[in-house]
Amino acid sequence: MSDTKADKPEKKKGGMMKILMLAGAALLLVGGGVGGALYAMNAGLFGSAHGGAAAAANGPQLVPKAEEKRASATKEGGHGEGGEGGGSHEGLPTPEGHGGDKYASNYYAIEKEFTSNLQDSVHFIQVGVAISTPYDDRVLDNIKTHEIAIRSAVLLALGETSEEDVFTAEGKKAIQQRLVKAINAVLQQKEGFGGVSNVYFTNFIVQ
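Below or above, wherever it landed, is the structure these notes cover. (Residues numbered from 1 in each chain as written. Predicted model: local features only at pLDDT ≥ 70, side-chain atom pairs only at ≥ 80, totals over all residues. Heavy atoms only, no water.)

### Let's talk about the overall build of the protein chain
Right, on to step 1. The helix and strand tally for the protein chain stands at 6 helices and 4 strands.
Right, on to step 2. Counting from the amino terminus, the protein chain carries its helices and strands in the arrangement α-α-β-β-β-α-α-α-α-β.
Right, on to step 3. Here the protein chain, with 207 residues, has 28% of them falling under the buried criterion.
Right, on to step 4. Summarising the internal contacts of the protein chain: among those between residues at least 6 apart in sequence, 68% fall at separations of at least 24.
Right, on to step 5. Summed over its atoms, the accessible surface of the protein chain is roughly 14,500 Å², and 58% of this surface lies on carbon and sulfur atoms. (Helix = DSSP H or I, 4+ residues; strand = E, 2+ residues; numbered from the N terminus. Buried < 20%, exposed > 50% of the residue type's maximum accessible area, 1.4 Å probe, protein only. Contact = heavy atoms within 4.5 Å. Areas by Shrake-Rupley, 256 points an atom, 1.4 Å probe, with all protein chains shown as cover.)

Here's what the structure looks like:
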């Protein structure tokens, strides 16, 4: 009889330990799930009020071609129905048989020209630069805000230009692409978004 009574408290203790262990394991699982969800939200894997899709929606947006700013819009007869420059172009073929760009081209011409020595040469170039983006005015605002840093990046890129580049069309296109990368790198660093699609020369002089 005494052996049977002594076994009961041990069974009770063993049962309590199992219950505590199961409860602890459940808490760990719940805590791990919450922690994992918070980590995923912070990493941008799930949408949140401060990141993910909301952040993308607040950034620069692509502008459809239909909303492109047209030079004729500010001129008399620009919207015209007949008259000079006001005729309809509907149904006319487009250049090279395609429908043109899908998105608008938003331009910004940097006022001051750039002057730089050519690489391993006594010659130098002077260029005027305009920037194109298919995004809204926020990209242009970013360019204006960081124009000093952009000017520095453009001058560094121009300093890597050889004489061979400046005298051929292929070389000039390579310079354009180098400037696009340099400008987008600055904007990416400063604003987290580039957006520049092309660089155009408004002036190009070699001396």
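Read on for the rest.
### As for the pairing of strand β1 (residues 106-109)
Right, on to step 1. Residue alternation in β1 divides its side chains into a buried set, Asn 106 and Tyr 108, and an unburied set, Tyr 107 and Ala 109.
Right, on to step 2. Sheet analysis places β1 next to strand β3 (residues 124-133), joined by 4 bridges and oriented antiparallel. In the strand pairing of β3, Asn 106 is matched with Thr 133. (Pairing = 2+ DSSP bridges.)

### Regarding the pattern of salt bridges
Right, on to step 1. Within the structure shown, the criterion is met by 4 salt bridges.
Right, on to step 2. Close ionic contact of Asp 137 with Lys 69 constitutes a salt bridge, the shortest N to O distance being 3.1 Å. One end of the pair, Asp 137, is in helix α3 (residues 137-145); the other, Lys 69, is in the loop between α2 (52-58) and β1, and 68 residues separate them in sequence.
Right, on to step 3. On the accessibility criterion, Asp 137 (34% relative accessible area) is partly exposed.
Right, on to step 4. Across the pair Asp 136 and Arg 138 runs a salt bridge whose closest N-O atoms are separated by 2.8 Å.
Right, on to step 5. Through salt bridges that share partners, Lys 65, Glu 68 and Arg 70 make up one connected network. (Salt bridge = Lys/Arg side-chain N within 4 Å of Asp/Glu carboxyl O.)

### Let's talk about the nonpolar core
Right, on to step 1. Residues Ile 143, Ile 150, Leu 158, Leu 179 and Ile 183 are the most contacted members of the largest nonpolar core, which totals 27 residues.
Right, on to step 2. Listed by contribution, the elements that provide at least two residues to this core are β3, α3, α4 (147-158) and α6 (169-191).
Right, on to step 3. Ignoring sequence-local partners within four residues, the contact set of Ile 143 consists of Tyr 108, Ile 131, Ile 150, Leu 187 and Val 196. (Core = buried A, V, L, I, M, F, W, Y, C linked by side-chain atoms within 4.5 Å.)

### Concerning the environment of Ile 183
Right, on to step 1. Along the chain, Ile 183 falls in helix α6.
Right, on to step 2. According to the relative accessible area criterion, Ile 183 is buried, its value standing at 0%.
Right, on to step 3. A sequence separation of 26 residues divides Ile 183 from Ala 157, and the C-alpha atoms of the two residues are 9.7 Å apart.

### Quick word on the packing of aromatic side chains
Centre distance and the angle of the planes are the two values used to describe a pair of aromatic rings.
Right, on to step 1. Under the counting rule described, the total for this entry stands at 3 aromatic pairs.
Right, on to step 2. On the numbers, 5.0 Å between centres and 75° between planes, the contact of Phe 201 with Phe 204 is edge-to-face.
Right, on to step 3. When its relative accessible area of 21% is taken as the criterion, Phe 204 is described as partly exposed.
Right, on to step 4. Directly above the ring of Phe 114 sits Arg 151, whose terminal nitrogen or CZ lies 4.1 Å from the centroid.
Right, on to step 5. Over the ring of Phe 204 we find Lys 172, and its NZ or CZ is 4.7 Å from the ring centre. (Phe/Tyr/Trp six-rings, centres within 6.5 Å; stacked < 30°, edge-to-face > 60°. Lys NZ or Arg CZ within 6 Å of the ring centre and 35° of its normal.)

### Side note on the packing of α4 against α6
Right, on to step 1. Close contact between α4 and α6 brings their axes to 9 Å; oriented N to C, the two are set at 145°. The way α4 lies across α6 gives a crossing that is right-handed. Of the residues in α6, those in contact with Ala 149, Ile 150, Ala 153, Val 154, Ala 157 and Leu 158 of α4 are Ile 175, Arg 178, Leu 179, Ala 182, Ile 183, Val 186, Leu 187 and Lys 190.
Right, on to step 2. A per-class count over the contact of α4 with α6 returns 12 nonpolar, no polar and 2 charged. (Axes fitted to C-alpha atoms, helices over the stretch in contact; angles between N-to-C directions. Left-handed = near helix turned anticlockwise from the far one by under 90°. Nonpolar A, V, L, I, M, F, W, Y, C, P; charged D, E, K, R; others polar.)

### Regarding the pairing of β3
Right, on to step 1. Counting buried positions along β3 gives 8 out of 10 residues, so the element sits mostly inside the fold.
Right, on to step 2. Sheet topology note: the strand β2 (residues 114-117)/β3 ladder contains 4 bridges and is antiparallel. Bridging across to β3, Phe 114 finds its partner in Val 127.
Right, on to step 3. Relative to strand β4 (residues 198-206), β3 runs antiparallel, the two being bridged by 8 bridges. Following the sheet pairing, Ile 131 is matched in β4 by Val 199.

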